[in-house]
2 protein chains.
Amino acid sequence: MKILKGNVTTPRGFTGGAICCSIKPTNTRRTDLGIIYSEVPCTAAGIFTTNKVQAAPVKLTRKHLANGRAQAVAANSYVANTCTPDGDETALAMAEAAADALGLETADIIVASTGVIGRSLPVDAVKDGIATLAPQLHVDGGDAVAKAIMTTDTVDKQAAIQCTLGGKTCTIGVVAKGSGMIDIQMGTMLAFTTTDAAISASMLDAALRTAAETTFNMVCVDGDMSTNDTLTIMANGLAGNTEIREKNADWQTFVDALTVLYTEMAKALAADGEGATKLVMATVSGAVSEKDARIAAKSIIRSDLVKTALFGSDANWGRILCAIGYSGAAMDPETVEVSFSSEAGDITVCQAGRAVPVDEDRATAILDTKAVTIRVCLGEGPGKATAYGCDLSYDYVKINGDYRS
Amino acid sequence: MKILKGNVTTPRGFTGGAICCSIKPTNTRRTDLGIIYSEVPCTAAGIFTTNKVQAAPVKLTRKHLANGRAQAVAANSYVANTCTPDGDETALAMAEAAADALGLETADIIVASTGVIGRSLPVDAVKDGIATLAPQLHVDGGDAVAKAIMTTDTVDKQAAIQCTLGGKTCTIGVVAKGSGMIDIQMGTMLAFTTTDAAISASMLDAALRTAAETTFNMVCVDGDMSTNDTLTIMANGLAGNTEIREKNADWQTFVDALTVLYTEMAKALAADGEGATKLVMATVSGAVSEKDARIAAKSIIRSDLVKTALFGSDANWGRILCAIGYSGAAMDPETVEVSFSSEAGDITVCQAGRAVPVDEDRATAILDTKAVTIRVCLGEGPGKATAYGCDLSYDYVKINGDYRS
C-alpha cells in the first residue's frame, strides 16, 4: 500500500478541471465549479448528511446514485443551494448541463454544492461554466477540482493511494473540502473519491461505509452538521483486476487502502478547521466497547472547553474528564488515565481519575505544537477509537461572526 | 406575584454571609466561601449534574438530601473538589465544620463547590473560614453569598419573589453562579433557593423539578455539562401558610412563582455566559410536541455557528435551519418560519423554509442589541419552548484558553 501525491484524476481513466463562473464574487478570481469525469461508466456509492434540512443537490444525487452507477461529478462552492425557492430546479439544471456537455445520462451525474444557505445558484452562469469547462477536462485536473470546492478552507485537500488487488495495481484518489459546519457523522461537507478498481456497486457501497465510519465520521470542527455533506466514490474498473463481488481478501485490501486515504483526509479536514491552530486527535482505549470508545472520543473532540484549553496549550485535563462524563459512554471515573502526546513528548496528567503531579512547563511545550493527541484509557475493556478535531481560536469567532457578508 | 430585589436571605428566618478563606489567590481579596442558614429546620430538595464524573460535594449532598431536610448551605468557589484523591474527605470535613459551627447535624448541611477540576480544597483554611463566618451570619448576608460563589461570572445573580399561599405572603429567594461549563439539563453550576413557605419535602421536590425543567434546564452557554451542577431549595415554613402537601392551587402558585424566579436566573446566567456580549433566546413554537420544541430550541442555542453569527449581528438564518435539521426534532423544512426580535424591532427572514427578502441593515440593527430572541415556528403543532443562551465571542476563547492558570 502506497500513499501518493495525487487526487481524483490519479486513477486511470479519470479527468477533471475547474472554472470560475462567478458564483464567488468575481473580484476574488477564484474558481468555484469543478468537474470530475470517468471515460467509462463507474459503479458508484454515496453517503449524505442526515440533517433533516437537506440541500437540493443532496436530494438529487441520492436519487441518481440509487442504481449504483455514475460517471461524473459537478460541484460548486460559495452557494449551498439549500433553502432556496428554486433549489430543486437549479440542481437538476446543473446535472442536465453536465450530462449534455459530457454526453452522459443526467442520472449518471453527481451534483454537489457548498457555501451559504438560503442563496440561489446563478443557474445560467453555472450552465455556461459547465459547457465551457467540459471540453477542457484533463488528467492533471484533479488539483483544480480540489481548489474549486474550497470555501473557508485555507489549504486544498487531496491525496491518492495504491494497493494491489488480484495482482493488479489499483489507485484510489480523493478530494475534499471542509473547514466549518462539521460534526461527527459525515464530518465533511464534500469529498469525492475515484478509483480504477473493478468492484461491484454493492461492495463499493459497503467499502465506502466501512471506511467512512472510522474516518470522515469521526471528524468534528464545530459540532454543526451541514445540510450539504456529501461523500461519493466512483470505480471505473480500468485497473483490470477481477471485479470484487464479495467481502473477500481483495475487498478487505481495498477497504484498508480507502481507510488509510480517508484518515489522511480526516486529519487534513480537522487541522484546517475554521480558525484552527492545531490538529487535535482524541484516542480512547480500554472502553467496554468500540461504540463507547467512539462516544467518549467524539465528546472530547467536540467540547468547546477542551478546544479552547488546547488553543491556550493548557493541560486542563479536568475538562476532558468532564466531557467523557457527560458523553453517555460507559465509564468509571476511578479508572481513567489521561495523557497528552505530540512530537515534543508525552506526559501523563491523570491516573485513576486523579491528578498526577506534572511539570506544567513541559506539558505546555507538548501542547504548543501543530498536532496533539489526547490519549485516554478508560479501563480494561477492548473498545478503542480515535476522533479528529482542532482547537477553538479567536479566528473561528472572527470567520463565523462575519462569514456570510 | 411580585419580583423583589432580594436573595436567599429575603425569606423569613434565613441568614447568610461570606468570607475570604484563601481558596482564591489571596491577592484577589475576593470572598470564596458562603453560608446560608435557616433558624429552623427546612424541608429540602436538590437536582444535580448527571455527568458520570461527579464532584465529591455533589455525591455527599445527594446523600444528605435523601431524607428531604436540610438547614444550611456551605459553598465555595475557585476549586471544584472533583477528581482529587481527598475529595470525599474534604467535602465531609466541610459539612462537619459547618454543622459544628452552626450546632446542626452534619446530614443537614448542603455542601457545594465550583471551580477548577483536579485541585484539592485547602481543607484547614475552609474549616477555619467556616468557624469564623458562622457567628457572623445576618439577614442581609445573601448578597455576600451571591458574590462568594462567583468564578468567571462578571455579575452576581440573585433575586426574590413573593406570592400568596393560603392568604399568607410567602417569599422565595435565590442565588446562582454560572458563566462556563454550562449545558442544557442543569444549565448552571450552583444555585441555592430559600423560601419561608411551608411545603412538604415531596411537594418541594416536585415543585423544584417542574420549575427547573423550563428554566435552568434550558440554559446553555457552551454545551459542556459541569461535574458540580447543584440546584437546591430549602423551605422553613415561617410564612405560616397551611403546609402544601399535595398538588393543589397553592402548589401551582408556588411553582409559578418559582418558575418566574428561575426564568430570571436563567436569563441572567445566559446573559453572563463566558465572553457573552448578548443574551440570546430561542423560542420555538408550532412543534408537534413540547419535547420536539425543546430539542429544536436547545439545538439552536447550542450551535457555535449560530452563536458566532449573533456575535457578528449577522442574520444568518441558514445556520438556524441547519441546527434544527440535525437536532432530531420532528420538523418539515418546508414549513419553517424564522424571525428575529429585540427592542430594536422584529424581522422575518425565512418563510416556508425559504429566504424572505430583507433589509440587511435593519436586521443587523435588530441583532446589534443586548437581548435577541430567535423566533422559530415549525408548523401547526401545539409544542412550544424557549431556550436561553448567549453569543460566542473572542472573549470566550480568551477566558477559556487561559482560565486555569
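Keep in mind it's a predicted model, so treat the numbers as computed, not measured.

Tell me about the sheet that holds strand 15 (residues 383–390) of chain A, and name the residues and values.
All names here are of chain A. Ordered by their spatial adjacency, 6 strands build an open sheet running 13-12-11-14-10-15, and the pairing between neighbours is mixed. Each having just a single partner strand, strand 13 (354–355) and strand 15 make up the two edges of the open sheet. Where strand 11 (residues 337–342) meets strand 14 (residues 371–377), 5 bridges bridge the pair, whose relative direction is antiparallel. Residue pairing across strands places Phe340 opposite Ile374, the latter belonging to strand 14. Sitting on the sheet, helix 10 (residues 360–367) is in contact with strand 11, strand 12 (345–351) and strand 14, with an inclination near 120 degrees to strand 12.

Run through the relation of the copies chain B and chain A, naming residues and quoting values.
For the pair chain B and chain A, the best superposition has an RMSD of 0.0 Å and corresponds to a rotation of 180 degrees with a translation of 0.0 Å parallel to the axis. Taken together, the turn and the small shift mark the pair as related by a two-fold rotation axis. In terms of proximity to the rotation axis, the leading residue of chain B is B:Tyr394, whose C-alpha is 2.6 Å off the axis.

Lay out the environment of B:Thr152 in plain terms, naming residues and giving numbers.
Take B:Thr152: it is sitting in the loop between helix 4 (142–148) and strand 6 (157–165). Here the side chain of B:Thr152 touches B:Glu274 through a polar contact of 2.6 Å, side chain to side chain.

Quick one: what's the story with the pattern of salt bridges, residue by residue and with numbers?
Residue and element names in this part refer to chain A. The tally for this structure, following the rule as stated, stands at 26 salt bridges over all chains. One salt bridge in this structure joins Asp153 and Lys157, with 2.7 Å as the shortest N-O distance. Both residues of the pair, Asp153 and Lys157, belong to the buried class. Among the salt bridges present, the one from Arg294 reaches Glu213, with a minimum N-O distance of 2.7 Å. Here Arg294, found in helix 7 (residues 290–302), pairs with Glu213, found in helix 5 (residues 201–213); they are 81 residues apart in sequence, far enough to count as distant. Judged by relative accessible area, which is 29%, Glu213 ranks as partly exposed. Residues joined in a network through salt bridges with shared partners are Asp153, Lys157, Lys177 and Asp272.

Quick notes on the rules
Residues numbered from 1 in each chain as written. Chains lettered and ligands numbered in written order. Predicted model: local features only at pLDDT ≥ 70, side-chain atom pairs only at ≥ 80, totals over all residues. Heavy atoms only, no water. Pairing = 2+ DSSP bridges. Helix = DSSP H or I, 4+ residues; strand = E, 2+ residues; numbered from the N terminus. Contact = heavy atoms within 4.5 Å. Axes fitted to C-alpha atoms, helices over the stretch in contact; angles between N-to-C directions. Least-squares fit on C-alpha atoms with pLDDT ≥ 70 in both. Polar contact = N/O pair within 3.5 Å; in protein donor to acceptor, adjacent residues only side chain to side chain. Salt bridge = Lys/Arg side-chain N within 4 Å of Asp/Glu carboxyl O. Buried < 20%, exposed > 50% of the residue type's maximum accessible area, 1.4 Å probe, protein only.

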